[in-house]
Amino acid sequence: MSQPTNTRGARRGPRSANARRVAFDVLRAVQVDDAYANLLLPTRIRRAGLTARDAAFATELTYGSIRMLGRYDVIIALASGRRPENIEADVLDVMRLGAHQLLAMRTPTHAAVDATVELAREVGARRATGFVNAVMRKIAARTDDEWDAQITEGRGGDALLATRWSHPVWVVSALRDALAAERSREELAALLAADNAAPRVQLAALPGLATDEDIATATARTVPDADEDADDDAAFADATGAADVPAALVPADDEPAADGATGTVPPVRTADPVPAADALPVSPVGIRGISGDPARVPGVAAGRLRVQDEGSQLAALALSRSSAVRAGERWLDMCAGPGGKAALLAAEAQQGGATLVANELVPARAGLVRNALGVFGDHVRVVEGDARRYGRDGTGMTFDRILLDAPCTGLGALRRRPEARWRKTPEDVQELAALQAELLDAAVRVLAPGGTLAYVTCSPHLAETRGQVDALMGRHGGVLEQLDTATIVRGVAARDPEIADGNTAQLWPHRVGTDAMFIALFRRVG
């Protein structure tokens, strides 16, 4: 948690200010309009014309401030003597950005304070510049470790961890329970820390489409070149790292870094070195940690490589490779949007002579699925509708393999979707669990005898994972058998996925650098 001393000279200028304004605008949109940072930020970066280095700064500033929002609010309250809800919303967001620069980035202290005051003036909070200046100076007077000691004083248990690692208390408790279910409760602090680390960009090489040249070219970009432009690209890639951002939305910027005269923002600090084991792909089709804009990788531009978290890759491959594919099999992706897992399944189906139906409820997301599957032929079909209709639509169609990547709280992807931790509530879990159960029942209705069902969530919450599995077997134990999912996932993975033994598989970001995907495989008794 210690931070380096801010002793480097500041280099400020129009682009520095522009990067901070981009971060502010996105942070406000997340607060006011329920925007998603991973979708909005790339567009704002491109619109502002930021260099790669400034884009990296804006990205870390945005994502970091959202991740650490709860912690910074406690610090701001102590430094200002006011409760956050009693501070005007735009002023509070300005100070959250300032706190992140002071406590988690290597922005020089005077530059961070001055720029934060100037940002308050720029966004129309001129009346509050004196207040902002005073609060920023109080925050800057202490190190992050000193603030940690103060904000955690008198707290214990989950409340202490929630304050230290900036998670809602109920989320900390849920993650503790999930780890305890596999006797790993002592890993909780490591998991919370991993949620706050910027993830590396991960690619999936689509089987049968990606060429050796595609893979070699992308793999070569996992080792940054020595020149300054490559360093800027690496900073940008490390800071973005959003698995589900379409490559076309990631800003491309060939402009070299500006020199001190034009005022480039200092590059962001890397919190911790990536462990050697974490740097190695766990997916057999995965490429991890590329430098720069993934849209500039030829295979990505051509659609043969896809930006996708390796946990999602393993979830799809656990289904497609759980047994040998027979030509003529029918596969179903029940909740296919935005299309990442559907694309990998389509590639696997094409190689095995199977057909795939990709279903999506929301028309806009169905459009994304069609785009994702555009490189495939007639063996793939995209349909729109509520997946709960399956087995009740009168068609009588059954499927040999079904992926239910169910709507969930997303608590397993807090690294990539930092706002999710502040939006979800325990009540959301109850509503989503009810929907998940209805979708599972629909999947069972159309699962062919001998067919395989993969139930997948991007959440480790027990009510969405093991609880759903137990309830499903209680309802349909007469026609379903659980498969040894852990063994299947280990057999598919490129290296040890570090999962517990059993009929389910729970991946963890602090162990193997993937999202916390949950996978459970079932077979219909024939």
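Notes on the structure in this doc start here. Note that the structure is a prediction, hence the values are computed from the model and not measured.

**With respect to the overall build of the protein chain**
Here's step 1: Looking only at helices and strands, the protein chain has 22 helices and 11 strands in total.
Here's step 2: Across the 526 residues that make up the protein chain, the buried fraction comes to 57%.
Here's step 3: Taking as baseline every contact in the protein chain between residues at least 6 positions apart, the subset at least 24 positions apart corresponds to 79%.
Here's step 4: If you sum the accessible surface of the protein chain, you get close to 20,000 Å²; carbon and sulfur atoms cover 51% of it.

**Quick word on the environment of Ala 442**
Here's step 1: Summarising the element assignment, Ala 442 is placed in helix H19 (residues 426-445).
Here's step 2: With near-sequence residues (within four places) excluded, Ala 442 lies in contact with Met 334, Ala 387, Arg 388 and Tyr 390.

**Let's talk about the packing of aromatic side chains**
Here's step 1: Scanning the entire structure with this criterion turns up 2 aromatic pairs.
Here's step 2: A centroid spacing of 6.2 Å and a plane angle of 85° characterise the contact between Tyr 390 and Phe 399, whose relative ring orientation is edge-to-face.
Here's step 3: Note on Phe 399: relative accessible area 2%, which makes it buried.
Here's step 4: Their ring planes at 70° and their centres at 6.3 Å tell us that Tyr 455 and Phe 518 sit as a pair that is edge-to-face. Taken together, the residues Tyr 455 in strand S8 (residues 447-457) and Phe 518 in strand S11 (residues 518-524) connect sequence positions 63 residues apart.
Here's step 5: When the ring centre of Phe 131 is taken as reference, the NZ or CZ atom of Arg 82 above it lies at 4.1 Å.

**Considerations on the side chain of Ser 283**
Here's step 1: For Ser 283, the position within the fold is in the loop between helix H13 (228-240) and strand S2 (286-288).
Here's step 2: Leave out the neighbours within four places in its chain, and Ser 283 touches Glu 310, Gln 313, Leu 314, Leu 317 and Ala 494.

**Thoughts on the nonpolar core**
Here's step 1: Judged by nonpolar contacts, the single largest core of 50 residues is most densely connected at Met 95, Val 132, Met 136 and Ile 139.
Here's step 2: Listing elements by their share of this core, those giving two or more residues are helix H1 (14-33), helix H2 (37-48), helix H3 (52-67), helix H4 (69-80), helix H5 (89-104), helix H6 (109-122), helix H7 (129-140) and helix H8 (144-151).
Here's step 3: Here this core takes 9 residues from H5, the largest share from any one element.
Here's step 4: Contacts of Ile 139, omitting those with residues within four sequence positions, involve Ile 75, Ile 76, Ala 79, Ala 99, Leu 102, Leu 103 and Trp 147.
Here's step 5: Core analysis: the second largest hydrophobic core is formed by 46 residues, Leu 317, Leu 319, Ala 346 and Phe 376 among them.

**Describing H6**
Here's step 1: In this model H6 runs 20 Å from its N-terminal to its C-terminal C-alpha over 14 residues, within 8% of the 20 Å that 1.5 Å per residue would give.
Here's step 2: Of the residues trailing H6, Gly 124 is marked for its positive phi of about 95°.

**A few points about unusual backbone geometry**
Here's step 1: At the junction of Gly 337 and Pro 338, the peptide bond is cis and its omega measures out at 0° in the coordinates.
Here's step 2: Looking at where Pro 338 falls in the secondary structure, it is placed in the loop between strand S4 (330-333) and helix H16 (340-352).
Here's step 3: Positive phi values are uncommon outside glycine, yet Ser 166 reaches one of about 60°.
Here's step 4: Relative to the helices and strands, Ser 166 is located in the loop between helix H9 (157-165) and helix H10 (169-180).
Here's step 5: One non-glycine residue, Arg 183, lies in the positive phi region at around 55°.
Here's step 6: By secondary structure assignment, the location of Arg 183 is in the loop between H10 and helix H11 (188-195).
Here's step 7: Residue Arg 183 is classed as exposed on the basis of its relative accessible area, which comes to 75%.

**Observations regarding the pairing of strand S1 (residues 202-205)**
Here's step 1: What you see with S1 is no split at all: Gln 202 and Ala 204 on one side and Leu 203 and Ala 205 on the other are buried throughout.
Here's step 2: Bridge count between S1 and S2: 3 bridges; the pairing is antiparallel. Bridged to Leu 203 within S2 is Ile 287.
Here's step 3: With 3 bridges joining them, S1 and strand S3 (residues 305-307) adopt antiparallel strand pairing. In the strand pairing of S3, Ala 204 is matched with Arg 306.

**As for the packing of helix H15 (residues 310-320) against H16**
Here's step 1: Between H15 and H16, whose axes approach to 9 Å, the crossing angle comes to 35°. The element H15 and its partner H16 pack so that their crossing is right-handed. Packed against H15, whose contacting residues are Ser 312, Gln 313, Ala 315, Ala 316, Leu 317, Leu 319 and Ser 320, the element H16 presents Lys 341, Leu 344, Leu 345 and Glu 348 at the interface.
Here's step 2: Across the contact of H15 with H16, the residue classes break down as 6 nonpolar, 3 polar and 2 charged.

**Describing the sheet that holds S1**
Here's step 1: What the 3 strands build is an open sheet, ordered S2-S1-S3; its pairing is antiparallel. Each having just a single partner strand, S2 and S3 make up the two edges of the open sheet. Within this sheet the neighbouring strands show an average axis-to-axis angle of 30°, counted without direction.

**Some thoughts on the pattern of salt bridges**
Should their charged atoms come close, side chains of opposite charge can pair.
Here's step 1: Going through the model one piece at a time under the given rule, you end up with 34 salt bridges.
Here's step 2: Ionic pairing is found between Asp 400 and Arg 326, a salt bridge with its closest N-O pair at 3.8 Å. With Asp 400 in strand S7 (residues 399-405) and Arg 326 in the loop between H15 and S4, this residue pair connects regions lying 74 residues apart in the sequence.
Here's step 3: Residue classification places Asp 400 among the buried residues on the basis of a relative accessible area of 16%.
Here's step 4: Of the residues examined, Arg 326 reaches a relative accessible area of 52% and is grouped as exposed.

So, how was this worked out
Residues numbered from 1 in each chain as written. Predicted model: local features only at pLDDT ≥ 70, side-chain atom pairs only at ≥ 80, totals over all residues. Heavy atoms only, no water. Helix = DSSP H or I, 4+ residues; strand = E, 2+ residues; numbered from the N terminus. Buried < 20%, exposed > 50% of the residue type's maximum accessible area, 1.4 Å probe, protein only. Contact = heavy atoms within 4.5 Å. Areas by Shrake-Rupley, 256 points an atom, 1.4 Å probe, with all protein chains shown as cover. Phe/Tyr/Trp six-rings, centres within 6.5 Å; stacked < 30°, edge-to-face > 60°. Lys NZ or Arg CZ within 6 Å of the ring centre and 35° of its normal. Core = buried A, V, L, I, M, F, W, Y, C linked by side-chain atoms within 4.5 Å. Expected span 1.5 Å × (residues − 1). Pairing = 2+ DSSP bridges. Axes fitted to C-alpha atoms, helices over the stretch in contact; angles between N-to-C directions. Left-handed = near helix turned anticlockwise from the far one by under 90°. Nonpolar A, V, L, I, M, F, W, Y, C, P; charged D, E, K, R; others polar. Salt bridge = Lys/Arg side-chain N within 4 Å of Asp/Glu carboxyl O.

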